[in-house]
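# Descriptive analysis of the structure
Each chain, written out:
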Amino acid sequence: MINLTVNGREHELDLDPNTPLLWAIREHIGLTGTKYGCGMAQCGSCTLFLNGAPVRSCSTPLAAAAGGRVTTIEGIDDPAGKAVQKAWAELDVVQCGFCQSGQIMSAAALLAQNPSPTDADIDAAMSGNICRCATYARIRAAIKQAASELA
């Protein structure tokens, strides 16, 4: 049995410890906001927070989360996350939406660590997130707007 807290709720999972955290969250806990993209930690669609840090859940074994705190897009409620979500909606960032939960989680992590990021900071923090619709300009604008709101 592996115990972890997801979005403030405790869960006990009887799964292989090598099961990717993504599949435990989606298939066994039922939270589907975190997406499967590439399965190799290259696209960022599966980004969530483990003990406050962004991780790629498709390549993180469930055992690594044992006893930990997981926050998914459904549970993000810190000031940076709320500011990012608000800016995303106001600037109509989403096109197909597939990558957006990972983009939002990465942007929220950036702003939680650096509330006044430069373009270079944004590029570095978001470099592991791929958007097949190429909404990168709107993503950057939303991060800047969220940073302004936090200031």
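First, a word on what this report is: a plain description of the structure on this page. For clarity, every value in this text was computed on a predicted model and none was experimentally measured.

Definitions and limits used
- Residues numbered from 1 in each chain as written.
- Predicted model: local features only at pLDDT ≥ 70, side-chain atom pairs only at ≥ 80, totals over all residues.
- Heavy atoms only, no water.
- Disulfide = S-S within 2.5 Å.
- Helix = DSSP H or I, 4+ residues; strand = E, 2+ residues; numbered from the N terminus.
- Expected span 1.5 Å × (residues − 1).
- Buried < 20%, exposed > 50% of the residue type's maximum accessible area, 1.4 Å probe, protein only.
- Arc of directions from axis to C-beta.
- Contact = heavy atoms within 4.5 Å.
- Pairing = 2+ DSSP bridges.

### Structural notes on the state of the cysteines
Following the criterion strictly, the structure yields 0 disulfides and no others. Cys43 carries a free sulfur, and the closest cysteine sulfur to it, the one in Cys38, is 3.9 Å from it. No disulfide involves Cys133; its nearest neighbouring cysteine sulfur is the one of Cys96, lying 3.7 Å away.

### Considerations on helix H3 (residues 79-90)
Quick reminder: α-helices carry 3.6 residues per turn. Residues three or four places apart thus point the same way. Between its first and last C-alpha atoms H3 spans 16 Å; for 12 residues at 1.5 Å apiece the expected length is 16 Å, and the two agree. Within the span of H3, buried status applies to Ala80, Gly81, Ala83, Val84, Ala87 and Trp88. Down the axis of H3, the buried side of the element spans an arc of 165 degrees, and every buried residue falls inside it. Exposed residues lying more than 90 degrees from the buried face of H3 are Pro79 and Ala89. On the buried face of H3, the contacting elements are helix H4 (100-113) and helix H6 (136-150). One or two residues past the end of H3 sits Asp92, with phi positive at roughly 50 degrees.

### Topic: the pairing of strand S4 (residues 53-56)
Sheet analysis places strand S3 (residues 47-50) next to S4, joined by 4 bridges and oriented antiparallel. Among the inter-strand pairings, Leu48 is bridged to a residue of S4, identified as Val55. Hairpin connection from S3 to S4: 2 residues lie between these consecutive antiparallel strands, with Asn51 at a positive phi of about 55 degrees.

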